Structure formats: C-alpha cells, structure tokens
Amino acid sequence: MTKLKLNPFKFGNPVEGDYYLPREKLTQLVKQFLQNQIHVVLIGPRRFGKTSFVLNVLKELENDGYDFFFVDIFNITSHKDFLSQLVRAISAKKKWYKRLQDKIPKLRPKMSFDIDQATGEQSFGLSMEDASDKDIKEAIQDVLSSLEKLGKNVIIAIDEFQKIADIADSGWLEATLRTHMQQLKNTSFLFTGSRRSIIYDMLNNSARPFYRLCQSIEFPSFGDEFSTWIVNRFKSISIDCQIDIIDDLRDLVQDTPNYVQMICFHLAASHLKSIHSTDVKEALDRIVGQNAYAYQTQLNSLSRIQQRTLRLAAHEPQNVYSKSLLTKFEITSPPALASAIKALKAKGIIEDIGAKKSQFVFDDPLFAIWLKKLFD
Ligand SMILES: Nc1ncnc2c1ncn2[C@@H]1O[C@H](COP(=O)(O)OP(=O)(O)O)[C@@H](O)[C@H]1O
Ligand SMILES: [Mg+2]
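Source: prediction; values computed, not measured.

Visitor: Would you take a moment to explain the packing of helix 10 (residues 243-252) against helix 11 (residues 257-268) for this structure?
Guide: How two helices sit against one another is set out by the angle between their axes and by the gap between those axes. Contact geometry of helix 10 with helix 11 gives a least axis separation of 9 Å together with a crossing angle of 125°. In this view, helix 10 runs oblique relative to helix 11, as classed from their interaxial angle. Between helix 10 and helix 11 lies a crossing whose hand is right-handed. Of the residues in helix 11, those in contact with Ile246, Leu249 and Arg250 of helix 10 are Val260, Ile263 and Cys264. The class makeup of the residues in the contact of helix 10 with helix 11 is five nonpolar, no polar and one charged.

Visitor: I keep staring at the sheet that holds strand 1 (residues 40-43) and nothing clicks. Help me out?
Guide: Strand pairing in a sheet relies on backbone hydrogen bonds. The paired strands run either parallel or antiparallel. In space, the five strands of this open sheet follow the order 2-5-6-1-7, with parallel pairing throughout. Bordering the open sheet on either side are strand 2 (67-72) and strand 7 (215-218), each of which pairs with just one other strand. Direction aside, neighbouring strands of the sheet carry axes that sit 15° apart on average. For strand 1 and strand 7, the ladder comprises four bridges, and the chain directions are parallel. Paired with Val40 across the bridge in strand 7 is Gln215. Contacts from helix 2 (residues 50-63) reach strand 1, strand 2, strand 5 (154-159) and strand 6 (187-193), with the element oriented near 160° to strand 2.

Thresholds, definitions, all that
- Residues numbered from 1 in each chain as written.
- Chains lettered and ligands numbered in written order.
- Predicted model: local features only at pLDDT ≥ 70, side-chain atom pairs only at ≥ 80, totals over all residues.
- Heavy atoms only, no water.
- Axes fitted to C-alpha atoms, helices over the stretch in contact; angles between N-to-C directions.
- Helix = DSSP H or I, 4+ residues; strand = E, 2+ residues; numbered from the N terminus.
- Parallel < 35°, antiparallel > 145°, perpendicular 65-115°, else oblique.
- Left-handed = near helix turned anticlockwise from the far one by under 90°.
- Contact = heavy atoms within 4.5 Å.
- Nonpolar A, V, L, I, M, F, W, Y, C, P; charged D, E, K, R; others polar.
- Pairing = 2+ DSSP bridges.

Here it is as structure tokens:
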C-alpha cells in the first residue's frame, strides 16, 4: 500500500510546525523587547504571517515561563465585543478562567463555560445583554487591571489592533489601554496591525494615547531562505522545482507568503513531477479567475476616478504622480489623484509602503494582477 502523501503547503490560516518557516532574528528581537517590558507593535501587510509569527513567539515565551493570552479583535465593533474577546482569550486556559473569576467576583455570574461531552469542544459565553456602556467600560477596566495578578510574567497579544481605532468612543479604549499598559507590572503587550495608515497615525500623532508608547517594528519579507524552504517542501513529496521559479512567483504576488503557499498547494496537488514557470502562471491565472466576480463587484463600487487610480497603481505602483502616467490613465490633476488615493486607502484597498507618498501596494496582490490583465 502506498502511503498517502499530505500536501506540504497550507494557506488561509496561521501555520505552525512543519508548515512554518521560523523567523529567527525577528523572534529574538521581539522576545528581547517583551522580556524587558517594552511593548511592541508589528506592522505588516495582511497574509504576511504576522499571526503565525506571534503565536510562535508566544509559544516560545511560554516555554520560558511566561503566561500569555492572545486576543483576536479583527471582528469587533463595540466595547462589548472587545470585552468579550478579552475574556474569551483569558478563558482559553482553564486555570486563568478560574483566576479571573476569583479576581473579579462581579463578572462571575455573567461568565459561562461549557464543554460539549460529545465533541469535547469548549464554548465560552459572556452574558452582558442588558449591561450599560458604563458597566462594560468598568468591566474592561477591571479585567485589564487584573491581568498582572493572573500570572507572574504575562504577555498580552492583541492581533489586528488598529480595530481599536475604529470604535467611535473619542479614543476611550486607546486611552484606557495606555493607562493600563503603563501601570501593569510584569506585563508586556504585543500588537499586530495591517492597516498602515491608521497605525501610523495612532503611533506618531502626539495627541493620541499610543504616541511613543510602543516599539514599532516593520514586519519584514522573507529573504532567500523562503524560496529554498519552498523547494524543499516540494522535494519532500518528490516534486522537482527550481529556486528561480519560486523567486519569480514571489515577485508576482508581492512576496506574500500566503499566496506563495496557496499557489504551491495547487501545484503540489496537480500530480506534476517537476514544476515549470508556465505551471505557475497557469495556477495563478486560475486562482485570480476564481476571484473575478468579487473583484468586479469591488471595482464597480468605486467612482470612475478611483477605478482609474487603481488601474494606474496596478500598472505602475512606483511614482504614481508622474505627469505622463496621469495623462495615460486619464486622471485630471495631481490633487484629484491624491484624493482618490486617500479614499482607496480608507477602504483598505491600497496601502502605503513605509513613508513614501508616491508608492503603494495592493492589500490584495491578486486583485492587482486581475486589474492589470483586464486592461492589457
Ligand atoms: N513563517 C511562515 N512560514 C511559511 N508560511 C507562512 C509563514 N507565515 C505565514 N505563512 C503563510 O501565510 C499564511 C497566512 O499567515 P497568517 O499568519 O495568517 O498571516 P497574517 O496574520 O499576517 O494575515 C499562512 O497560511 C501560510 O500559508
Ligand atoms: Mg492575522
């Protein structure tokens, strides 16, 4: 009987173990900061591996005797959601769930924890239906100030933390977090964020609570080691692939690890003995094609000048303000371009690269590929 070969690639969700290529330098750096109670913000594009990285760092720190919890706030819309995610993160570990109840007796009657006997699945509930905003704010403060009592050395990771800025509370949550971050002993915070323009303002605007509160780190692209790693993953299932093919693929997808793994997943599943650059192009085309409906819908929702701006950015992501490009893409004036760019950034469709004002990346590099093909 032949052994079933598992696909050596994974995408879509955070990865670990064999599917995770360690980022050793960055790991050491981030650990250094956190161990010295310097709060860290990791800023990088979506699908670059921030969550995987954070989970990996947390696991290493746990081995060194730290307690951690991981708060995912990607989908929060209110203080109630924030509280719920915070308590859920703490409750993910049973001993912490009990400790939290001990430290905040008020919260106890509102918390519930069930384990499904059949599936073993845990479910957590926080019943705050009739709580006022004031009650909820108080509960958030109680939970935050209890953090240092829950463990000896505590790391709190908040993933996609720019969501905090979306809550329309005149900065209450930002300010509250700041206060606790400064007061809590033996507690470090690790944030990640992907909306660069929002985060830059949070961190660099002296009127805002997070000003100079954290060490910010640009989440880097992989170096050459990523291509080598991919080639070896192919080799593990006896598929031959040259490094330069993977280097080209990385260029095509803005070096986004998620999409590199996604394309490779499809290639690995296609029973090829060796991978050629035409195979990569075909796989990429197919995947971009599968998203066409969503991309078309998104494009249709934009104004004409925004559509033209996107076309421009897809074709020439560098130096978008050059005069010849404006003419070529029928954009009337630099200010018109600037305001379209601003709107597209606010929608999260494009993002700045670093501090440069004339260069952009697409939040979704496949959208850029689709656009480019559409108008070629
Ligand atoms: N260290 C890594 N090694 C290999 N692949 C990775 C790594 N980090 C991320 N990936 C790829 O990127 C995908 C998305 O990772 P994730 O951590 O969810 O990114 P983010 O949180 O930045 O959106 C993973 O499913 C995997 O395919
Ligand atoms: Mg993530």
